[in-house]
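# Observations on the model geometry
Here's the letter readout for the chains.
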Amino acid sequence: MNPFTDSVLLALQLIAHADAELLRVVGLSLRVSIVACAIGGVIGVLLGTWLAATRVVFRPVAVWVVNTLLALPSVVVGLIVYLLLSRTGPLGSLGILFTPKAMIIAQSLLVIPLFAALSRRLLLDGLTEGGDQLRSMGASPLQSALLMLVHERLGLLTITLTAFGRAISEVGSVMVVGGNIEGFTRVMTTAIALETSKGDLPLALALGIVLLGVVGFVNVLIGWIHGRTASAREAFA
Amino acid sequence: MLNPAAIPLISLARATVQFDDVTALDHVDLTLNKGERLMLVGANGSGKTTLLRLLHGLVPCKGERTMFPLAPRGRQPVTAMLFQRPFLLSLTARWNVLPALWLHGVRNKAERERRCHEALRRVGLDHLANRPARSLSGGQQQRLALARAWAVEPDVLLLDEPTANLDPNAKREVEALVEEIARAGVTIVISTHNLGQAKRLGTRVAYLEAGRIVVDLPAGRFFEERLPREAELFLKGELPWT
Amino acid sequence: MDLIDRTRRFAASVLSAALLSTPVAWAQEKTIVMASTTSTEQSGLFAHLLPAFKQATGIDVHVVAVGTGQALDIARRGDADVVFVHDTAAEEKFVAQGFSVKRVPVMYNDFILLGPATDPAHTKGNDIAAALKKLAAGNDSFISRGDRSGTHAAELRLWKQAGVDIERQKPAGYKECGCGMGPALNIASSTDAYVLSDRGTWLSFKNRGGLVILVEGDKSLFNQYGVMVVNPAKHPHVKSALAQQFADWVVSPAGQAAIASYKIGGEQLFFPNAPR
């Protein structure tokens with residue numbers, strides 16, 4: 001049998017068996033990426049809103065910086081955070097290197113440019129359509145941008161899903177700042193990397209399929225929640 | 001020409017508005033008086049929209065724009081504006097009016113709710129207050145925009161081709177509401193392509209061409225007297241649209 | 001403002017869920033960070049050894065497994081409490097630099113030369129120096145880890161002992177991958193190349209292809225492991241007391257027995273040799 005079918009079967013077996021180690025690894029992946037998207041999302045969207053609303057002279061530079069940071073390799077983010085959190089680094093006294101907290105920080109930094117650039121684009125498009133009328137109602141540029149955030153909340157949801165995908169699938173930063181410690185900082189992607197380096201390719205692929213399955217399940221949940229709130233609003237008539 | 005009982009609200013003197021190399025308004029003189037229903041007519045690009053935006057204070061101009069404080073307490077006139085295609089937030093009807101009130105400075109929650117409800121009731125949308133605004137019909141959406149503008153209790157209501165996109169029924173509804181608003185004492189300025197509408201609603205008509213006010217007469221006289229050639233042609237509908 | 005209230009309550013519940021799910025690991029838990037090597041972790045030794053240590057002392061050991069060079073760097077920066085690697089020269093330098101007070105030998109395993117079953121370079125036997133000389137003279141591919149790891153350092157030592165100056169004259173088929181043991185074995189197995197590996201990684205390696213053991217048992221293939229506690233004089237925050245407990249336990253009869261009892265497929269991987 002070829003490694004692909006092997007892996008699919010193995011993935012199904014892993015999910016069905018649901019052993020403690022796998023659940024722990026999946027749980028940590030979800031926890032780290034969800035919290036990172038929450039933190040990075042708030043910071044990133046505020047930054048994107050500011051970029052959409054502000055008129056400061058250096059705004060084009062700021063936009064360029066954010067767009068360039070979109071291509072920041074995850075391992076580079078990991079190295080930067082590692083050097084910051086290392087005992088010999090400026091934040092060493094926090095003692096959070098090689099813990100999930102460090103992984104959350106690294107992934108938050110990773111998704112901030114994504115949230116900022118995409119929300120800025122979303123708001124600018126929205127403001128092109130309605131910015132004028134919001135201004136005529138007396139809204140300042142910042143107020144218009146914030147109103148537009150509420151208006152474009154569906155777009156924000158899509159941006160969040162994109163960022164979550166980026167976060168949960170990255171391996172570079174969590175490997176460097178987490179150390180892939182078994183039972184403590186091992187997540188799905190570092191587990192996949194480990195099995196690959198051990199030569200157990202079917203298992204690595206199987207874990208990859210499980211990862212996709214988990215993300216797929218999260219998307220189903222979100223779709224369900226969204227459907228519920230939409231129909232609830234219709235019911236108000 | 002000057003009515004000694006007229007109370008001026010906004011006046012423009014030699015007002016010129018330029019966007020890059022385009023002169024949208026060219027040395028416009030205009031005084032808007034309380035209680036007037038000024039209709040702006042003219043071809044597309046003649047400056048009607050820019051004039052409305054200038055009256056609302058949305059664009060800067062060379063020349064003078066003066067707002068006259070109102071008796072008795074000397075506050076500045078409040079202007080509100082309606083657009084051809086109203087921009088509504090993807091929220092309920094209620095939640096489109098409430099932000100407008102908040103932006104206007106109504107910080108008391110109870111008062112916001114009261115004025116919102118009152119505005120929706122006056123335009124006949126209170127039973128749809130919790131409907132998504134974007135699911136309303138074209139006419140209902142424009143009435144919601146009216147509610148939004150009316151809620152802040154403006155002294156001057158500026159409307160930019162408010163019924164251009166509406167079917168005849170909706171048009172009638174909106175016009176009826178505008179008349180009601182005017183009866184309540186609000187000064188109205190409407191730009192329109194619809195000369196019938198200008199005749200029905202206006203007390204004063206101004207004809208614009210290439211950024212200038214070419215004719216500015218009380219409605220009665222505008223539709224009866226001999227006008228400059230271009231204005232005549234326009235009335236007869238023979239001028240091209242652009 | 002029902003919408004705003006609802007938003008606030010939703011945000012609050014998301015945040016509290018996230019925070020509550022974060023285990024608050026304050027100082028009650030006894031943990032130390034140990035920098036070690038990928039080959040050691042991948043051999044499965046720690047999964048066998050550390051639970052026994054925890055049972056004996058209640059201390060959790062968090063293993064960060066990287067290459068030897070990186071492991072020592074992590075320790076130099078004070079990001080680990082104890083180091084457990086297999087590069088005696090580098091370890092002695094670490095002590096000389098003052099980052100540890102003492103290096104204690106713990107156990108050894110051995111390296112093996114792997115290659116295609118057809119063995120085109122005729123390396124088979126138990127003389128590694130002879131085998132390497134033959135490889136240097138020919139065109140057959142040899143995969144080097146090239147990653148400053150203990151295995152890489154051992155490989156370079158063996159070339160030197162065989163009289164081959166790797167720096168100056170790389171053999172025709174010499175390829176450096178800058179990678180860990182597993183990936184290096186993967187490359188070797190898919191390209192029919194020769195590769196030097198530790199026995200532990202090989203025994204658990206599943207993607208063997210046509211690779212077989214060609215040279216083993218030579219004394220020079222000895223791979224000595226040492227444990228070092230990071231010097232608190234250099235890094236005062238280091239949990240030196242707990243780390244010392246590990247260093248003491250792993251050379252104690254209990255620890256040494258635990259090491260000896262670790263087997264893959266009935267074969268013992270590591271041979272305890274701490275001084276009594």
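In this text the structure is predicted, and so the values were computed from the model without any measurement.

### Here's the deal with the overall build of chain A
Along chain A, the regular secondary structure elements total 10 helices and zero strands. Counted from the first residue to the last, chain A has its helices and strands arranged as α-α-α-α-α-α-α-α-α-α. Dimensions of chain A, computed from the C-alpha atoms along their principal axes, are close to 65 × 55 × 30 Å. Buried residues in chain A amount to 47% of all 237 residues. When contacts within chain A are restricted to residue pairs at least 6 apart in sequence, those whose partners lie at least 24 apart make up 77%.

### Notes on the overall build of chain C
Across its full length, chain C holds 11 helices and 12 strands. Taken across its 276 residues, chain C has 47% of its residues classed as buried. Considering only residue pairs separated by 6 or more positions, chain C has 76% of its internal contacts joining residues 24 or more positions apart.

### Regarding the sheet that holds strand S2 (residues 22-33) of chain B
Residues and elements named next belong to chain B. Ordered by their spatial adjacency, three strands build an open sheet running S2-S1-S4, and the pairing between neighbours is antiparallel. Each edge of the open sheet is held by one strand with a lone partner, namely S2 and strand S4 (62-67). Between one strand and the next, the sheet's axes are offset by a mean angle of 15 degrees, whatever the strand orientation. For strand S1 (residues 8-19) and S4, the ladder comprises five bridges, and the chain directions are antiparallel.

### A closer look at the domain arrangement of chain C
Residue and element names in this part refer to chain C. The domains assigned to chain C are domain 1 (30-109 + 224-272) and domain 2 (110-221). Here domain 1 and domain 2 have C-alpha centroids that lie 26 Å from each other. Listed per partner, the contact involves 20 residues of domain 1 and 16 residues of domain 2. Sorting the residues of the side of domain 1 that touches domain 2 by element identifies helix H2 (38-42), helix H4 (68-76) and helix H5 (88-96) as the ones contributing at least two each. It is H2 that provides the largest number of residues to the side of domain 1 that touches domain 2, a total of three residues. For the side of domain 1 that touches domain 2, the per-class residue count stands at six nonpolar, 12 polar and two charged.

### Observations concerning the interface of chain C and chain A
Taken residue by residue, the interface counts 24 residues in chain C and 19 residues in chain A. For the side of chain C that touches chain A, the secondary structure elements donating two or more residues are helix H1 (2-20), H2, strand S2 (60-66) and helix H8 (181-191) of chain C. Tallied by class, the residues present in the side of chain C that touches chain A amount to nine nonpolar, 12 polar and three charged.

### Section: the environment of Ala93 of chain B
Residues and elements named next belong to chain B. Mapped onto the secondary structure, Ala93 falls in the loop between strand S5 (79-82) and helix H2 (94-104). For the pair Ala93 and Arg115, spaced 22 residues apart in sequence, the C-alpha separation works out to 14 Å. Setting aside its immediate chain neighbours within four residues, Ala93 contacts Leu120, Leu125, Leu128, Ala129, Arg131, Ala133, Leu136 and Leu144.

### So, the nonpolar core
Core analysis: the biggest nonpolar cluster contains 178 residues, and Val82 and Val83 of chain C have the highest contact counts within it. The greatest single-element share of this core, amounting to 18 residues, is contributed by helix H5 (residues 100-136) of chain A. Residues within four places of Val82 of chain C in sequence aside, it is in contact with Ile32, Met34, Val227, Met228, Val229, Val230, Ala243, Phe246 and Ala247 of chain C. Within the second largest apolar cluster, 33 residues are counted, among which are Leu114, Leu158, Ala184 and Leu185 of chain C.

### A look at the sheet that holds strand S3 (residues 37-42) of chain B
As a general point, the strands of a sheet are linked pairwise by backbone hydrogen bonds and lie either parallel or antiparallel. All names here are of chain B. Read from one edge to the other, the open sheet built from six strands follows the order S5-S6-S7-S3-S8-S9, with strand pairing classed as mixed. For this open sheet the edge positions go to S5 and strand S9 (212-218), each flanked by a neighbour on one side alone. Each strand axis lies, on average, 15 degrees off the axis of its neighbour in the sheet, ignoring direction. Note that S3 and strand S8 (residues 204-209) share five bridges and pair parallel. Residue pairing across strands places Leu40 opposite Ala206, the latter belonging to S8.

### Looking at the confidence of the model for chain C
Residues and elements named next belong to chain C. Here chain C averages 88 in pLDDT, while 90% of its residues score no lower than 70. No element of chain C has a lower mean pLDDT than H1, at 61, and none a higher one than strand S3 (residues 82-85), at 96. Here the prediction assigns the complex a pTM of 0.81, and the interface score ipTM is 0.87.

### A short note on the pairing of S3 of chain B
Residue and element names in this part refer to chain B. Most of S3 sits inside the fold, with six of its six residues counted as buried. The side-chain alternation of S3 yields two buried faces, one formed by Arg37, Met39 and Val41 and the other by Leu38, Leu40 and Gly42. Pairing geometry for S3 and strand S7 (residues 187-191), over four bridges, is parallel. Bridge pairing in S7 places Leu38 opposite Val189.

### Description of unusual backbone geometry
All names here are of chain B. At Arg14, a residue that is not glycine, the phi angle is positive and equals roughly 50 degrees. As for its position among the elements, Arg14 is in strand S1. Residue classification places Arg14 among the exposed residues on the basis of 12 C-beta atoms within 10 Å. The phi dihedral of His27 is positive, around 50 degrees, even though this residue is not glycine. As for its position among the elements, His27 is in strand S2.

### Side note on the pairing of S3 of chain C
Residue and element names in this part refer to chain C. Neither face of S3 is open: one carries Val82 and Phe84, the other Val83 and Val85, and all of them are buried. Two elements, strand S1 (residues 31-37) and S3, share three bridges in a ladder whose sense is parallel. Across the sheet, the residue bridging to Ser36 is Phe84, located in S3. Looking at chain direction, S3 and strand S9 (residues 222-230) are connected through four bridges and run antiparallel. Each residue of the ladder has a partner; that of Val85, found in S9, is Gly226.

### Description of the environment of Leu55 of chain B
Residue and element names in this part refer to chain B. Structurally, the position occupied by Leu55 is in helix H1 (residues 48-56). Along the sequence, Leu55 and Leu157 sit 102 residues apart, while their C-alpha atoms lie 10 Å from each other. With residues near it in sequence (within four places) discarded, Leu55 still touches Ile10, Leu32, Thr79, Leu158 and Val189.

### A look at H2 of chain B
A large share of H2 of chain B lies buried, amounting to eight of its 11 residues. Positive backbone phi, at 115 degrees, marks Gly105 of chain B, one or two positions downstream of H2 of chain B.

### Looking at the packing of H2 of chain B against helix H3 (residues 109-122) of chain B
Residues and elements named next belong to chain B. Contact geometry for H2 and H3: axes closest at 9 Å, N-to-C directions at 125 degrees. Here H2 lies oblique to H3, going by the angle between them. Crossing hand, H2 versus H3: right-handed. Taken together, the residues of H3 that come into contact with H2 (itself represented by Arg94, Val97, Leu98, Leu101 and Trp102) are Arg112, Arg115, Cys116, Ala119 and Leu120. Per-class residue counts for the contact of H2 with H3 are seven nonpolar, no polar and three charged.

### Description of the packing of helix H2 (residues 20-53) of chain A against helix H6 (residues 141-151) of chain A
Residues and elements named next belong to chain A. Across the interface, H2 lies against H6 with an axial gap of 9 Å and an inter-helix angle of 130 degrees. As summarised for this structure, H2 and H6 are arranged oblique, according to the angle between their axes. Here H2 and H6 pass one another in a crossing that is right-handed. Contact residues: Val45, Thr49, Ala52 and Ala53 in H2; Pro141, Leu142, Ser144, Ala145, Leu146 and Leu149 in H6. Grouping the amino acids of the contact of H2 with H6 by side-chain chemistry returns eight nonpolar, two polar and no charged.

Calculation notes
Residues numbered from 1 in each chain as written. Chains lettered and ligands numbered in written order. Predicted model: local features only at pLDDT ≥ 70, side-chain atom pairs only at ≥ 80, totals over all residues. Helix = DSSP H or I, 4+ residues; strand = E, 2+ residues; numbered from the N terminus. Buried ≥ 20, exposed ≤ 12 C-beta atoms within 10 Å, placed from the backbone. Contact = placed C-beta atoms within 7 Å. Pairing = 2+ DSSP bridges. Axes fitted to C-alpha atoms, helices over the stretch in contact; angles between N-to-C directions. Domains from an automatic or database assignment. Nonpolar A, V, L, I, M, F, W, Y, C, P; charged D, E, K, R; others polar. Core = buried A, V, L, I, M, F, W, Y, C linked by C-beta atoms within 7 Å. pLDDT = per-residue confidence, 0-100. Parallel < 35°, antiparallel > 145°, perpendicular 65-115°, else oblique. Left-handed = near helix turned anticlockwise from the far one by under 90°.

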